[in-house]
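Descriptive structure summary
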Amino acid sequence: MTTAVRRRKPESRRSNGGRPARALAKAPTGIAGLDEITNGGLPRGRPTLVCGGAGCGKTLLGLEFLVHGAMEHDEPGVFLSFEETTRDLMVNARSLGFDLQRLRARRRLLLDHIHLERSELTETGEYDLEGLFIRLGHAIDSIHAKRVVLDTVEMLFTGLSDRFLVRAELARLFRWLKAKGVTAIVTGERDAEHLTRHGLEEYVSDCVILLDQRVVEQSATRRLRVLKYRGSAHRGNEVPFLIDDHGISVLPITSLGLAHEATTEHLSTGVAGLDPMFGQQGYFRGNSVLASGTAGTGKSSLAAHFVDAACRRGERCLYFAFEESPSQITRNMRSIGIDLAPWLERGLLRMHAQRPTSLGLEAHLVTMHRLIDNWQPQVVVVDPVTNLIAVGSEIEVKAMLARLIDFMKLRGITALFTSLTSADGAAERTDLGVSSLMDIWMLLENPEANGERTRVIQIVKARGMAHSNQVREFVMTGRGIVLLDVSRRADGSVAIGSARSARQGVTRHRRPKPSRRSAAE
Amino acid sequence: MRNGARRTMQLRLYVAGQSPKSLAALANLKRLCEGHLAGRYRIQVVDLLSQPHLARRDEIVVIPTLVRKLPPPLRRVIGDLSNEERVLVGLDVLPRSASGS
């Protein structure tokens, strides 16, 4: 045990040099995302402080750390609970998919509950916590534990009246844990002014993780932040996390993103006349595409075309529908000649419909990550991405989208996001915020001119492509979106609607031919 | 006289080796029992250093801990037992209200 401590000393000194990440041995928590932001896990052989308010997930984080340690890393663990009884812990863990009973039976996990109630104790003179040390020491030795969780050790202050003694004994306890060489999580309750109510952070200073739960516009969001990690690179940003029936998921990190490889493979937009507008044959594989416009401008139709084309190629598509039900979408698309039903039946298309307000923002993101990870689609549609704004602030949505986009880019997934802008232009700001994350941005409008509404599409940007700058008119037909031929006025502006028809001398408005020439300009 | 006081009181003192607090607690306990419970008590000393598994079984955190096993209900007194009156209250030998604890 002591050798482990000794071995680390020169390393931690070296960490001042230049390669801190290599110097420090780490114990993976096995919690999705947390090991990424800590570059490999918690400091091995040392205590980590996990603090936060009531109900923020401290206990669960500790439990998962032990369960993963026991199951995946051959590191048995001791959970010493000062709050929940062993029985409660097992029941709670079961609801998250962990079978603690089995781990206990296999001697991979030991649960112990310490109950100290001041009213049940009479204090007469000097004492110490040697009983706790013996108890914990015996628990560790009996299953050869490598991991320990103390949850919440501060309860000792409630149970015993001598605060100075408890403080001194806790300091001794943390030194003792280090000497034992176990990787420990010590949880602490946060209060308004301090990280922990009784200043545990003074003793556990190697690694401090802060958990937080906030309610923003009636939906709870959970955040995790690595406040401190001595001798190791870590990201100090707040990251959202989720607790669901799979346990804790911490969301992957933004900075993963720029490592993806850019491909030159083209993917058809699914709209014959639109592909040539991108210089060659549609989007690049792995692009993030934004199609924004006011209500009824054809965003979902554009998405459906893309999905249809992908399924025809035999690719898997995942469609996140945040506004309409899958049956509604398939019915609507059938009316413009796009039949998505066969793709659903053949298992090439999956639709995941959910009201944005039914979950918090990070819950959506985790769900999306999980579905994408499980099914590995080549194409993803988010329709509309703006509905997520209903559950988060603009900045949060942007950060979330950045994560999602990076995540998909790394997997070479081509994603199309629709964005609903409001007629008064207020939501344009959202577009601007989000569009910087996108490779391609298309704007769909239905301007009113000469007493009629027409549909137009333009490419605002398309990274790495010599795209058309034209505003193009299109119509919805029984065969989907069809771009119309360009008709220019003498001043070079593009005539649309009846003005176009008048210039061309024919009324092709109702039954247009899908034009191949149109892109030749 | 209270009900339980006539019966034999079974006491168990948890210590950790021969630490000063443990030794003080045992000495204080013996003196106190002779003074107030003569002939009506039994003391068992448990050294957790030699029987560490008992710490968990008997829910011991603090050393020294004195447990009144019988008569029920279970009573726990912690510390070196230097305050005789508080120990007696804690063991229900003296009424609780008297000491204001």
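Up top is the structure.
The rules behind these values
Position numbers for residues start from 1 in each chain and track the written sequence from start to end. Written order determines the labels here, with chains lettered from A and ligands numbered from 1. Reporting in this predicted model follows two pLDDT cut-offs: at least 70 for local features of residues, and 80 or more for side-chain atom pairs to be given and counted; totals over whole chains, interfaces and linings ignore these cut-offs and use all residues. To qualify as a helix, a DSSP run of H or I must reach at least 4 residues; to qualify as a strand, a run of E must reach at least 2; elements of each kind are numbered from the N terminus. Any residue surrounded by 20 or more other C-beta atoms within 10 Å of its C-beta is treated as buried, while 12 or fewer makes it exposed and the intermediate range makes it partly exposed; C-beta atoms here are placed from the backbone. A pair of residues counts as a contact when their C-beta atoms, built from backbone coordinates, are within 7 Å of each other. For this classification, Asp, Glu, Lys and Arg are treated as charged, while Ala, Val, Leu, Ile, Met, Phe, Trp, Tyr, Cys and Pro are nonpolar and the rest, including Gly, are polar. The pairing criterion for strands is at least two bridges between them, as found by DSSP. Lines fitted to the C-alpha atoms define the axes, with helices restricted to the stretch that makes contact. Angles between their N-to-C directions range from 0 to 180 degrees. Think of a nonpolar core as buried Ala, Val, Leu, Ile, Met, Phe, Trp, Tyr and Cys residues chained together by C-beta atoms that fall within 7 Å. A domain assignment, automatic or from a database, supplies the domain bounds used here.

Looking only at helices and strands, chain B features four helices and four strands. From first element to last, N terminus to C terminus, chain B shows the α and β order β-α-β-α-β-β-α-α. Residue burial in chain B is summarised as follows: out of 101 residues, 38% are buried. Considering only contacts in chain B between residues 6 or more positions apart, those separated by 24 or more positions represent 60%.

Attention now goes to the interface of chain A and chain B. Chain A puts 22 residues into the contact, and the matching count from chain B is 29 residues. At the level of secondary structure, the elements contributing two or more residues to the side of chain A that touches chain B comprise strand E6 (121-123) and helix H7 (130-143) of chain A. When residues of the side of chain A that touches chain B are assigned to their parent elements, the largest contribution, eight residues, is made by H7(A). Here the residues of the side of chain A that touches chain B are counted per class, giving eight nonpolar, seven polar and seven charged. Examined bridge by bridge, E6(A) and strand E4 (residues 75-78) of chain B share three bridges and lie parallel to one another. Counterpart to A:Thr122 in the pairing with E4(B) is B:Val77.

Judged by pairing direction, the sheet is mixed, and its five strands sit side by side in the order E6(A)-E4(B)-E3(B)-E1(B)-E2(B) without closing on themselves. Edge positions in the open sheet fall to E6 of chain A together with strand E2 (41-47) of chain B, since each of these has one partner strand only. Ignoring strand direction, the axes of neighbouring strands in this sheet form an average angle of 25°. Pairing of strand E3 (residues 65-70) of chain B with E4(B) involves four bridges; the strand directions are antiparallel.

The next subject is the nonpolar core. Residues and elements named next belong to chain A. Counting 169 residues, the largest nonpolar core has Val148, Val250, Val307 and Cys317 as the members making the most contacts within it. Each of two domains, domain 1 (47-118 + 127-208) and domain 2 (257-520), supplies a minimum of three residues to this core. The contacts of Cys317, once residues within four sequence positions are left out, are Val307, Ala310, Cys311, Leu348, Leu349, Pro377, Val379 and Val381.

For the rest of this paragraph, the subject is unusual backbone geometry. Cis geometry marks the peptide bond from A:Asp383 to A:Pro384, where omega comes out at -15°. Looking at where A:Pro384 falls in the secondary structure, it is placed in the loop between strand E18 (379-383) and helix H14 (394-410). Located in the positive-phi region is B:Glu59, a residue other than glycine, with phi close to 55°. In this fold, B:Glu59 is placed in the loop between helix H2 (53-57) and E3. Assessed through the 18 C-beta atoms surrounding it within 10 Å, B:Glu59 is described here as partly exposed.

Shape is all these values report; function is a separate question.
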